[in-house]
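# Structure assessment
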Amino acid sequence: MRPTRLTQQQQLTGVWIGDSKVCAIGVAASSWITMHGFALNVNTEMSWFDKIVPCGIGDKSVTRISDYIPNVSLHHVRSLVAHHLKCHFHLDLHHVSISSFHHHAPPKTATNPFCADTCP
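### Notes on the overall build of the chain
Looking only at helices and strands, one finds two helices and five strands in the chain. Seen in sequence order, the chain has helices and strands lined up from the N terminus as β-β-β-β-β-α-α. Counting the 120 residues in the chain, one finds 17% classified as buried. At a minimum sequence separation of 6, the contacts of the chain that also span at least 24 residues come to 39%.

### What about the confidence of the model for the chain?
Summary statistics for the chain give a mean pLDDT of 80 and a share of 76% for residues scoring 70 or more. Confidence scores differ between elements of the chain, with helix α2 (residues 98-104) showing the lowest mean pLDDT of 63 and helix α1 (residues 74-89) the highest of 91. Here residues 112-120 scores under 50 on pLDDT; set against residues more than four positions off or in separate chains, the count is 11 contacts.

### Section: the environment of V42
Structurally, V42 is set in the loop between β4 (33-40) and β5 (61-62). Using a relative accessible area of 4% as the deciding quantity, one classes V42 as buried. Remark: the alpha-carbon pair of V42 and L74, spanning 32 residues in sequence, is separated by 6.3 Å. Not counting residues up to four positions away in its chain, the partners in contact with V42 are R64, I65, S66, V72, S73, L74 and V77.

### Quick word on α1
A rise of 1.5 Å per residue sets the reference length of α1, with its 16 residues, at 22 Å; its end C-alpha atoms lie 22 Å apart and thus fit the reference within 8%. Once α1 ends, the next one or two residues include H90, with phi positive near 55°.

### Here's the deal with a nonpolar patch on the surface
Among the surface-exposed residues, F89, L91 and L93 lie close enough to one another that they form a single nonpolar patch of about 270 Å² accessible area. Tracing the backbone through its elements, the reader meets L93 in the loop between α1 and α2. On the accessibility criterion, L93 (40% relative accessible area) is partly exposed.

### Considerations on the side chain of T44
Tracing the chain through its elements places T44 in the loop between β4 and β5. We classify T44 as buried; its relative accessible area is 16%. Within polar-contact distance, the side chain of T44 engages the side chain of N41 at 3.5 Å. Not counting residues up to four positions away in its chain, the partners in contact with T44 are F49 and R64.

Rules used in this analysis
- Residues numbered from 1 in each chain as written.
- Predicted model: local features only at pLDDT ≥ 70, side-chain atom pairs only at ≥ 80, totals over all residues.
- Heavy atoms only, no water.
- Helix = DSSP H or I, 4+ residues; strand = E, 2+ residues; numbered from the N terminus.
- Buried < 20%, exposed > 50% of the residue type's maximum accessible area, 1.4 Å probe, protein only.
- Contact = heavy atoms within 4.5 Å.
- pLDDT = per-residue confidence, 0-100.
- Expected span 1.5 Å × (residues − 1).
- Patch = residues over 30% accessible without salt bridge, like charges linked within 9 Å, V, L, I, M, F, W, Y side chains within 5 Å.
- Areas by Shrake-Rupley, 256 points an atom, 1.4 Å probe, with all protein chains shown as cover.
- Salt bridge = Lys/Arg side-chain N within 4 Å of Asp/Glu carboxyl O.
- Polar contact = N/O pair within 3.5 Å; in protein donor to acceptor, adjacent residues only side chain to side chain.

Structure (structure tokens):
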């Protein structure tokens, strides 16, 4: 197991362990709609990154949590992330499957394609 030290990379977003990116963070806005998210590499198959330049950063590498914490489970990391998001942002989180999300998604409207009357 390698020693773990989170670092900050000048002018680069994300979460880094040394010179390797372990989490990508993104924000975008288009047509008055904002989108945001993150991708945390837990036990990702790293060969997928061989065919691309991750985040357009050619001189840095990508890593995963399992390289530093062997046998880490996606379920455990997911629970930790959810707990900290809930506490930090004062959220009330609920598990929703992809199939039920699409089935119960509100209808699109002309003013907001993602929400119906439930949007503030």
